[in-house]
Structures are given as C-alpha cells and as structure tokens.
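# Structural characterization, general
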Amino acid sequence: MDGFEFNKIAGAILGTLLFVLGTNKILGAVYAPEIPEKKSYVVEGVVAEGEATAAAPAAEPEKPFAVLFAAADPEKGKKITAQCISCHSFDKGGPNKTGPNLYGVLGGPYGHKDDYPYSDAFKAEHAKGRVWSYEDLFNYLKDPKTWVPGNKMGFAGLKKADQRADVIAYLRTMNDNPPPPPAAPTASAGPAPAAAPK
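Below is a short write-up of the structure. None of the values given here were measured: they were computed from a predicted structure.

## Re the pattern of salt bridges
It is possible for side chains of opposite charge to pair when their charged atoms get near one another. This model, assessed by the stated rule, comprises six salt bridges. Note that Lys92 is salt-bridged to Asp176, the shortest N-O span being 2.8 Å. Of this pair, Lys92 sits in the loop between helix H3 (74-80) and helix H4 (120-127) while Asp176 sits in the segment after helix H7 (161-173), and the two are 84 residues apart along the sequence. Classification of Lys92 as exposed rests on a relative accessible area of 57%.

What follows is the structure, encoded as structure tokens:
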C-alpha cells in the first residue's frame, strides 16, 4: 500500500469521527433534557442538595476545660498520644525527633527544650515569656496552626474536647512538678475565654 492509499483511509476514518462528534453535539443541543425547577415527586425525609434543612439540631456547646479535665483519664491520653510518637518522645530525657521531647511541656515555656530548633513563631512566643498553661495546650491541640501561626507542627489537631483533656492529663504525669489543675468553674461564674497569642 502506497502513501496515497494510506492517506485516503486515514482521512475517511478521521472524517467519519468528526461527522459523528459534530452530529452528537448538534443533537445534544437540540434535544437537551429540560430540568424542572421543582421535583415531580418528593421523597419523605430526603433533602436535596442546596435545600435548607428544617430545624437541624444545634451542636452541643463545648464544656469548660476545667470540667473536662476533672473527668480526664491519663491512660486514655497515653493511648491517644500513640499517634504522636513518630514525631515526639514523652519520657524524661527522651530524644527530640521531628518535634521536641514533650516531657515537662505543661507549665514550661513555649519552646521549652533548649536543644531543639524551634520555628520563629515559637521563638517569638518564648521571648514574650508565654508558658504552656492547661488552657493553652487545650487550644493548641485543637488547632496548632491557628494557635501559634507560622509554627512547623504538621498535625491537624484533635477536634474532640474530651480527647484533648485526656492528652493533657497524660502530659501532666510527664512532669516532675506539674502546675496545679484548674478548679472547676462555679455555677455563677463561667470560664474566662482564652486569648490566642498575638
């Protein structure tokens, strides 16, 4: 088969494909299905995308940290920190890893390890004299990137408040001289809101 014959066959195939695609586009435009504004039938209990849900139950407000901490379990906290041991050690005298050793972090200054290369964000908080209070750790563990913007921590955070309280209860056991636990708030006085570092 010479080149001329091959070109004729290839041209015929290409022409057929173009004809089919063009016909499909034209017919699709002419016979496009109409989408009604309202459904022709409604299924009880099913909410369509974009429709508002009627009276969705309100999210339960988070309990004050002192109340959560009073019920916190250090053993549960230790199990939760299993997801942290690839980056942190917890034992006294343990090594720094990707992140610093966390023994004695509670009650210690931001950037509590002298032999760890902290981010500039943590160095700035250290220079301000900030100390890891129970509430600070509670807020940091929820969203590390928001609590100390610009830090190197890659962890997304623990969203469940009771898990954060359990972890802090465990961190309290990893301390030679932990600060006294927060007192549970009285019925008349609610907890003071914690302020994020500036």
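Back to the text.
## Some details on the packing of helix H5 (residues 134-142) against H7
Between H5 and H7, the least distance of the axes is 10 Å, while the angle of their chain directions is 130°. It follows from the interaxial angle that H5 and H7 lie oblique. As H5 packs across H7, the resulting crossing turns out to be right-handed. Contacts from Tyr134, Leu137, Phe138, Leu141 and Lys142 of H5 reach H7 at Ala161, Arg164, Ala165, Val167, Ile168, Leu171 and Arg172. For the contact of H5 with H7, the residue count by class is nine nonpolar, no polar and three charged.

## As for the packing of aromatic side chains
Summed over all chains, the structure comprises twelve aromatic pairs. Judged by centre distance (4.8 Å) and plane angle (75°), the ring pair of Tyr116 and Tyr118 falls under edge-to-face. Taken individually, Tyr116 and Tyr118 each receive the classification buried, so the pair is uniform in this respect. The ring of Phe138 carries the charged tip of Arg164 above its face, separated from the ring centre by 4.1 Å.

## Examining the nonpolar core
Counting residues in each nonpolar core, the largest one holds 32 residues, and the members touching the most others are Phe65, Phe69, Phe122, Trp132, Val148, Ile168 and Leu171. Within the residue set of this core, elements represented by two or more residues are helix H2 (65-70), H4, H5 and H7. Each residue touching Phe69, except ones within four places of it in the same chain, is listed here: Tyr134, Ala165, Ile168, Ala169, Arg172, Pro181 and Pro182.

What counts, and at which threshold
- Residues numbered from 1 in each chain as written.
- Predicted model: local features only at pLDDT ≥ 70, side-chain atom pairs only at ≥ 80, totals over all residues.
- Heavy atoms only, no water.
- Salt bridge = Lys/Arg side-chain N within 4 Å of Asp/Glu carboxyl O.
- Helix = DSSP H or I, 4+ residues; strand = E, 2+ residues; numbered from the N terminus.
- Buried < 20%, exposed > 50% of the residue type's maximum accessible area, 1.4 Å probe, protein only.
- Axes fitted to C-alpha atoms, helices over the stretch in contact; angles between N-to-C directions.
- Parallel < 35°, antiparallel > 145°, perpendicular 65-115°, else oblique.
- Left-handed = near helix turned anticlockwise from the far one by under 90°.
- Contact = heavy atoms within 4.5 Å.
- Nonpolar A, V, L, I, M, F, W, Y, C, P; charged D, E, K, R; others polar.
- Phe/Tyr/Trp six-rings, centres within 6.5 Å; stacked < 30°, edge-to-face > 60°.
- Lys NZ or Arg CZ within 6 Å of the ring centre and 35° of its normal.
- Core = buried A, V, L, I, M, F, W, Y, C linked by side-chain atoms within 4.5 Å.

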